[in-house]
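# Reading the structure
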Amino acid sequence: MSEKEYLYSEIFDSIQGEGTYTGVHSLWLRFFLCNLQCNGFGQLDPKDPSTYDLPFKSFDISNISKVEDLPVWDKGCDSSYSWAKKYKHLMSQGTPAVLAKRIMDAGKNDTNPNGFFKHPISGQKSDMCFTGGEPLLLPSQEASIAILRYFEDVSNIPRSVTYETNGTINLTFDFVKFWKFKTDYELFFSISPKLFSVTGEKRGDAIIPEVISQYYKLSNRGHLKFVLGTHNNHWEEMEEVLQILRKYGINYPVYIMPVGAREEDQKDIAGEVAEMALNRGYNVSARMHVYLFGNAIGT
Ligand code: SF4
């Protein structure tokens with residue numbers, strides 16, 4: 001029987017641009033598929049789908065042969081190409097061993113010819129970040145563990161492993177078993193709960209405290225990252241959700257990130273959102289990769 005292959009949209013070498021580990025050198029795997037759609041991002045009225053303008057749906061892909069040639073859209077999920085069926089033909093796939101080798105290839109350069117997490121010059125280890133789509137969908141949990149086992153077999157250990165998740169998917173028995181007693185590298189959950197007032201996702205589908213509580217029990221290393229604009233209803237909903245999560249004993253620190261995945265969108269409101277966050281006592285996260293590398297996929 002041939003070994004199982006997993007779909008992904010990108011493997012790349014960059015920094016972590018958001019939250020606690022902003023600026024940390026990271027290798028990235030973006031899995032294909034998500035259980036949400038978040039079409040409300042950037043819309044005039046995120047709560048009313050009949051008003052949505054969704055450029056990823058109307059975009060002409062006839063001349064596009066790779067995801068890196070796609071634009072960053074100003075409305076809807078900024079990673080919609082990593083779950084929408086329309087873009088599936090642009091995805092790549094491979095077994096965990098093949099993906100692990102491609103991740104190491106992405107980390108190779110003149111000064112790090114083997115693509116090791118521990119850089120031969122600085123002696124510092126980089127992070128392995130699994131993102132999406134949703135990287136905790138069951139096939140992606142399975143693939144990520146097999147990829148990490150490969151890294152362990154070749155003695156190439158990251159400093160930490162980040163899952164950038166929407167916080168709605170239960171952890172599998174095998175995932176918990178793998179991580180429960182691991183002490184040589186850190187498990188970090190970057191959880192971005194999706195608010196109805198910002199994304200149009202219904203509360204019952206998008207906010208599942210029991211699930212985030214599982215993550216917290218497995219690793220208290222992580223953060224909650226809320227994407228917000230300046231509207232009061234965004235902030236009120238965020239604080240209502242936060243109260244619920246705190247009641248479940250989930251005490252991850254909170255980062256506020258301004259809506260808008262493009263450089264120009266961030267410039268528009270980032271300062272105002274940051275001030276609002278600081279006034280209320282939250283941490284602020286911009287998207288550092290956008291400031292450094294502009295509106296580009298694969299950074
Ligand atoms: S959870 Fe993330 S990847 Fe999935 S649709 Fe929402 S923003 Fe996009």
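Look up: the structure comes first, before these words.
Residues numbered from 1 in each chain as written. Predicted model: local features only at pLDDT ≥ 70, side-chain atom pairs only at ≥ 80, totals over all residues. Heavy atoms only, no water.

### Some thoughts on the pairing of strand β6 (residues 186-191)
With 6 of 6 residues buried, β6 lies mostly within the body of the structure. Here β6 shows a buried face lined by E186, F188 and S190 and a second buried face lined by L187, F189 and I191. Sheet topology places strand β5 (residues 160-165) next to β6; 6 bridges connect them, and they run parallel. By the bridge assignment, Y163 is partnered in β6 with F189. As paired strands, β6 and strand β7 (residues 222-228) are joined by 3 bridges and run parallel to one another. Looking across to β7, one finds that S190 is bridged to H223. (Buried < 20%, exposed > 50% of the residue type's maximum accessible area, 1.4 Å probe, protein only. Helix = DSSP H or I, 4+ residues; strand = E, 2+ residues; numbered from the N terminus. Pairing = 2+ DSSP bridges.)

### Structural notes on the packing of helix α3 (residues 138-153) against helix α4 (residues 173-180)
One way to put it is that α3 packs onto α4 with a least axis distance of 9 Å and a crossing angle of 30°. Relative to α4, α3 is oriented roughly parallel. Here α3 and α4 pass one another in a crossing that is left-handed. Each of Q141, S144, I145, L148, R149 and E152 in α3 lies in contact with α4, whose residues at this interface are F175, F178 and W179. Its residues assigned to classes, the contact of α3 with α4 shows 5 nonpolar, 2 polar and 2 charged. (Axes fitted to C-alpha atoms, helices over the stretch in contact; angles between N-to-C directions. Parallel < 35°, antiparallel > 145°, perpendicular 65-115°, else oblique. Left-handed = near helix turned anticlockwise from the far one by under 90°. Contact = heavy atoms within 4.5 Å. Nonpolar A, V, L, I, M, F, W, Y, C, P; charged D, E, K, R; others polar.)

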